[in-house]
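# Survey of secondary and tertiary structure
As a plain string of letters, each chain reads:
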Amino acid sequence: QPAGLRQALFVSQTAVAMSPNDAALIGRLAVLEQASGNLPGAARAAERALELLPNDAEGWSQSGLILARQRQFADAAAAFQRAVALDAQDVAARENLAQSLAALGRREEARREFSRVLAKRPRLGLAWLHFGQLEEQAGRKEKAAECYQKALAHPGANLGGLIELAGFCQSRGWFEAA
């Protein structure tokens, strides 16, 4: 762990010990625990924050991210659904919901959610890539090709997303790796 992350964890843990009922502090601790790779600790902190503030869309979304990293996609989807129910404008929660649904094999539901995401944020290249993969799995090759073109037109600045998009394109023979 980088020293800055260790220090931030220590400060956050100390703050939570001093204010054990502060949902915002506990939520920040969950984020730091997740960043450090301590998923069980992150899950405990996220669960505690939601006990204190059960109608916090951001808290439900954070819980969903932790559950998805633990590959508990059914629970992650439920958490993202709760986040979206609390804040219908949260595009990130809706995109994460779509990804969780896709991981569960609930492709049509995932397609609907990706459609909603892309209607609000049409420049999300990684969402276009995932939507295209669902279209291709459903046998809609032309629609998939359109999605892949949009993904390439809007690669975004997310390094992980760029790497995933580049790997996908390379696997299709669309370009050679440098």
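Placed above this text is the structure.
Attention here is on the structure that accompanies the text. (Residues numbered from 1 in each chain as written. Predicted model: local features only at pLDDT ≥ 70, side-chain atom pairs only at ≥ 80, totals over all residues. Heavy atoms only, no water.)

Now for the packing of aromatic side chains. Aromatic ring pairs are defined here through the distance separating the ring centres and the angle between the ring planes. Applying the stated criterion across every chain yields a total of one aromatic pair. A ring pair is formed by W128 and F131, whose centres lie 6.2 Å apart and whose planes are at 50 degrees; its orientation type is tilted. Of this pair, W128 and F131 both sit in helix 8 (residues 125-137), three residues apart, roughly one helical turn. Both residues of the pair, W128 and F131, count as buried. (Phe/Tyr/Trp six-rings, centres within 6.5 Å; stacked < 30°, edge-to-face > 60°. Helix = DSSP H or I, 4+ residues; strand = E, 2+ residues; numbered from the N terminus. Buried < 20%, exposed > 50% of the residue type's maximum accessible area, 1.4 Å probe, protein only.)

Where helix 4 (residues 57-69) contacts helix 5 (residues 73-86), the two axes come as close as 8 Å, and the packing angle between them is 165 degrees. In terms of axis orientation, helix 4 runs roughly antiparallel to helix 5. Considering how the two elements wind past one another, helix 4 and helix 5 form a crossing that is left-handed. Seen from helix 4, the contacting residues are A57, W60, S61, S63, G64, L65, L67 and A68; seen from helix 5, they are F73, D75, A76, A79, F80, R82, A83 and L86. (Axes fitted to C-alpha atoms, helices over the stretch in contact; angles between N-to-C directions. Parallel < 35°, antiparallel > 145°, perpendicular 65-115°, else oblique. Left-handed = near helix turned anticlockwise from the far one by under 90°. Contact = heavy atoms within 4.5 Å.)

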